[in-house]
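Given next are the chains, with one letter for each unit.
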Amino acid sequence: MQRTSHRYLQVDVFADRPGAGNPLGVVMEADGWDTARMQALAAWTNLSETIFFLTPTTPHASYRIRIFTPRQELPFAGHPSVGAAWVALEAGLTDDADRLVQECAAGLLPVRIDGSGGQRAIRLRAPRARRVDAAALPALLDAVIARLPIAGLAPAVWNNGPSWWLVELEDADAVRRLAPDLPAIAALTQATAAVGLAVFGRTPAGTDHDLAVRAFCPADNIPEDPVTGSVNACIAAALHAADALPGNDRCYTASQGRELGRDGRVALQVDDEGEVWIGGQVQLVIDGRVTW
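So, how was this worked out
- Residues numbered from 1 in each chain as written.
- Predicted model: local features only at pLDDT ≥ 70, side-chain atom pairs only at ≥ 80, totals over all residues.
- Heavy atoms only, no water.
- 1 Å grid on protein atoms, 1.4 Å probe; cavity = no way out; pocket = protein on both sides within 12 Å on 5 of 7 lines; lining within 4 Å.
- Points joined across faces, edges and corners; volume = space filled by probe spheres on them.
- Helix = DSSP H or I, 4+ residues; strand = E, 2+ residues; numbered from the N terminus.
- Buried < 20%, exposed > 50% of the residue type's maximum accessible area, 1.4 Å probe, protein only.
- Core = buried A, V, L, I, M, F, W, Y, C linked by side-chain atoms within 4.5 Å.
- Contact = heavy atoms within 4.5 Å.
- Polar contact = N/O pair within 3.5 Å; in protein donor to acceptor, adjacent residues only side chain to side chain.
- Axes fitted to C-alpha atoms, helices over the stretch in contact; angles between N-to-C directions.
- Left-handed = near helix turned anticlockwise from the far one by under 90°.
- Nonpolar A, V, L, I, M, F, W, Y, C, P; charged D, E, K, R; others polar.
- Expected span 1.5 Å × (residues − 1).

**Q** Could you clarify how one ought to interpret empty space enclosed by the protein in this entry?
**A** Rolled over the atoms, a probe sized like a water molecule indicates the empty space that remains. This structure, assessed with the given rule, holds one cavity of 30 Å³ or more. Roughly 70 Å³ of internal volume is contained in the largest cavity. Along its surface, the largest cavity is lined by 14 residues, and Glu49, Trp164, Val195, Cys217 and Asp225 are the ones closest to its centre.

**Q** How do you make sense of unusual backbone geometry when you look at a structure like this?
**A** Note: most residues except glycine have negative phi, and most peptide bonds are trans. The backbone of Glu29 sits at a positive phi, close to 50°, despite the residue not being glycine. Secondary-structure assignment places Glu29 in the loop between strand E2 (22-27) and helix H1 (35-45). With a phi close to 55°, Asp243 is a non-glycine residue in the positive phi region. Locating Asp243 in the fold gives a position in the loop between helix H6 (229-241) and strand E15 (251-256). We classify Asp243 as exposed; its relative accessible area is 72%.

**Q** Is there a simple way to explain the nonpolar core in this structure?
**A** As a rule of thumb, soluble globular proteins bury nonpolar side chains together. Formed by 59 residues in total, the largest nonpolar core has its most connected members in Phe53, Tyr63, Leu166 and Ile235. By residue number, the principal contributor to this core is H6, which donates eight residues. What Ile235 contacts, discounting residues up to four positions off in sequence, is Leu166, Phe200, Leu211, Val213 and Tyr252. One finds Val157, Leu169, Ala174 and Leu197 within the second-largest nonpolar core, a separate group that totals 22 residues.

**Q** Before we go on, may I ask you to explain helix H5 (residues 182-191) in this structure?
**A** Since there are 3.6 residues in each turn of an α-helix, residues three or four apart along the chain are aligned in direction. The complete set of buried residues in H5 reads Ala184, Ile185, Ala186, Leu188 and Thr189. Looking at the buried positions of H5, the neighbouring elements they touch are helix H3 (138-145), strand E11 (163-168), strand E12 (196-202) and strand E13 (211-217). Looking at where H5 begins, the residue whose side-chain oxygen comes 3.2 Å from the main-chain nitrogen of Ala184 is Asp181. Ala193, located one to two residues past H5, shows a positive phi value of around 55°.

**Q** I keep staring at the packing of H3 against H5 and nothing clicks. Help me out?
**A** Axis angle and axis distance: for two packed helices, these are the angle between their axes and the distance between the axes, and together they describe the pair. Where H3 contacts H5, the axes come no closer than 9 Å and their chain directions differ by 145°. Regarding H3 and H5, the two cross each other, and that crossing is left-handed. Contact residues: H3 offers Leu140, Leu141, Ala143 and Val144, while H5 offers Ala184, Ile185, Ala187, Leu188 and Ala191. By residue class, the composition of the contact of H3 with H5 is nine nonpolar, no polar and no charged.

**Q** I would appreciate a short explanation of the environment of Ile65 in the present structure.
**A** The residue Ile65 is located in strand E4 (residues 63-68) in this model. Ignoring anything within four residues of it in the chain, the contact list for Ile65 reads Ile51, Phe52, Phe53, Pro80, Ala84, Gln102, Glu103 and Cys104.

**Q** Explanation requested: H6 in the structure shown.
**A** Taking 1.5 Å per residue as the helical rise, H6 with its 13 residues ought to reach 18 Å, and the 18 Å between its terminal C-alpha atoms agrees with that figure. Within the span of H6, buried status applies to Gly229, Ser230, Val231, Asn232, Ala233, Cys234, Ile235, Ala236, Ala237, Ala238 and Leu239. Downstream of H6 by one or two residues, Asp243 has phi in the positive range, about 55°.

Rendered as structure tokens:
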């Protein structure tokens, strides 16, 4: 295929400053790229996700994206979707911030914008999560959780596009201290078609967040993902189903990425229909071109 040059951005998502949150690669005007070409570039960037902007297939969408990890395409992912909405506004793909709708493989997802300029925050409705039967061999699960201080919800797989193992630990300190067994996590997630495994725990009153979260995706060559929107949306759905949401009025804040030096903040809200909204700030780091 002939090489072409495209505008390329890199943004930090769920970040109040550059260098925090989760980095996202963004290729603009990628119509004409096939799946293999997108996957090859995503493997080259080696970011947890790279997105490609395409012409929408429906007039109901403001923009369309495809989302790739270094190893596979995802129907939905949270930090790419929040980052995509921010880029769509900044790049002038839409000037109607009140009617912003993302098209991706998971469907049409509405977006809300809070604030403007450097204080702009994006909120996006995640696909509805559901608990799924993982059919894991007990030995594979035991190898991961046998020594973990588990509390609260039982370990389970939830899916809102990607599938995630969710494991609640006794508190945020247990999450922060965890030294994960990455080979065991890779074996479990590969056997159950899950992207990765996430642990979470509650923080004491008076902190600036309600949950500490960490997510591990060693089978995708991502030992630990800095900040993961889809995981946080699945956790919110699981806690809502158990009537165990932290925070107030079905709203809370999660901290993820501190152990990687990229402490990000994810705002979670469960609305009256039981839908989960994820949100946060986005920071521009790179604005250039890529030739591929």
